[in-house]
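What the coordinates show
This is what each chain is made of:
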Amino acid sequence: MTDNNPGFGLTHFDSSGQAHMVDVGSKADTQRIAVAAGTIRMQPETLALITSGSAKKGDVLGIARIAAIMGAKRTSDLIPLCHPLALTRVTVEFQVDAPANCVHCRAQVETFGKTGVEMEALTAVQIGLLTIYDMCKAVDRGMVMTDIRVLEKHGGKSGDWSAVI
């Protein structure tokens with residue numbers, strides 16, 4: 001802990017420890033990209049419903065993709081200190097992993113601006129996985145969302161970063 005920042009150097013706290021939105025006004029506009037991923041594990045029968053397209057509520061992965069994109073766009077409404085951003089691109093991919101009885105989600109979010117899009121990418125992944133859960137919970141309440149994480153980020157003052165996988 002530093003003497004002038006009781007928040008241990010965390011940028012969302014001022015010198016007296018009060019939460020605040022970070023001032024990004026003096027930061028340079030740059031291309032910002034973040035990639036996040038996560039997984040939802042389920043029973044084999046649940047995965048079969050998803051892949052066959054016979055889930056009672058419809059095209060699970062198609063609806064989850066739209067929900068994930070919407071989640072990325074609404075991140076600042078969900079996370080109190082996130083800046084509202086003009087996103088330039090959001091892509092969401094789902095990969096069915098039948099041997100492991102799971103679906104992997106990967107989201108890439110981009111903007112040209114003063115702050116990064118890691119939170120938007122993470123929100124996209126989580127909302128996509130939550131949508132799968134919601135659409136399939138009638139047959140499998142034991143689904144588990146796991147390994148939600150940022151895989152990489154590009155742009156800004158701190159430059160590029162990639163997770164060690």
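Details of the structure are given in the entry above.
Below is a short write-up of the structure.

What counts and what doesn't
Residues numbered from 1 in each chain as written. Predicted model: local features only at pLDDT ≥ 70, side-chain atom pairs only at ≥ 80, totals over all residues. Heavy atoms only, no water. Helix = DSSP H or I, 4+ residues; strand = E, 2+ residues; numbered from the N terminus. Buried < 20%, exposed > 50% of the residue type's maximum accessible area, 1.4 Å probe, protein only. Contact = heavy atoms within 4.5 Å. Areas by Shrake-Rupley, 256 points an atom, 1.4 Å probe, with all protein chains shown as cover. Salt bridge = Lys/Arg side-chain N within 4 Å of Asp/Glu carboxyl O.

Once that is clear, we can look at the overall build of the protein chain. Scanning the protein chain from N- to C-terminus turns up 4 helices and 5 strands. Counting from the amino terminus, helix and strand elements in the protein chain follow one another as β-α-α-α-β-β-α-β-β. Across the 165 residues of the protein chain, 36% fall into the buried class. Sequence-distant contacts, at least 24 apart, represent 67% of the contacts inside the protein chain between residues at least 6 apart. For the protein chain, the exposed surface amounts to about 9,300 Å²; the carbon and sulfur share of it is 56%.

Tallying each qualifying case throughout the model produces 4 salt bridges. We note a salt bridge from Asp29 to Lys114, for which the minimum N-O separation is 3.6 Å. Of this pair, Asp29 sits in the segment before strand S1 (30–41) while Lys114 is found in the loop between strand S3 (102–113) and helix H4 (118–136), placing the two residues 85 residues apart along the sequence. Owing to a relative accessible area of 29%, Lys114 belongs among the partly exposed residues under this scheme. Notably, a salt bridge pairs Glu110 with Arg89, separated by 3.1 Å at the nearest N-O pair. Taken together, the positions of Glu110 in strand S3 and Arg89 in strand S2 (residues 87–97) put the pair 21 residues apart, joining distant regions of the chain. Look at Glu110 and you get buried, because its relative accessible area is 11%.

Fair warning: the whole summary comes from geometry, so function is off the table for now.
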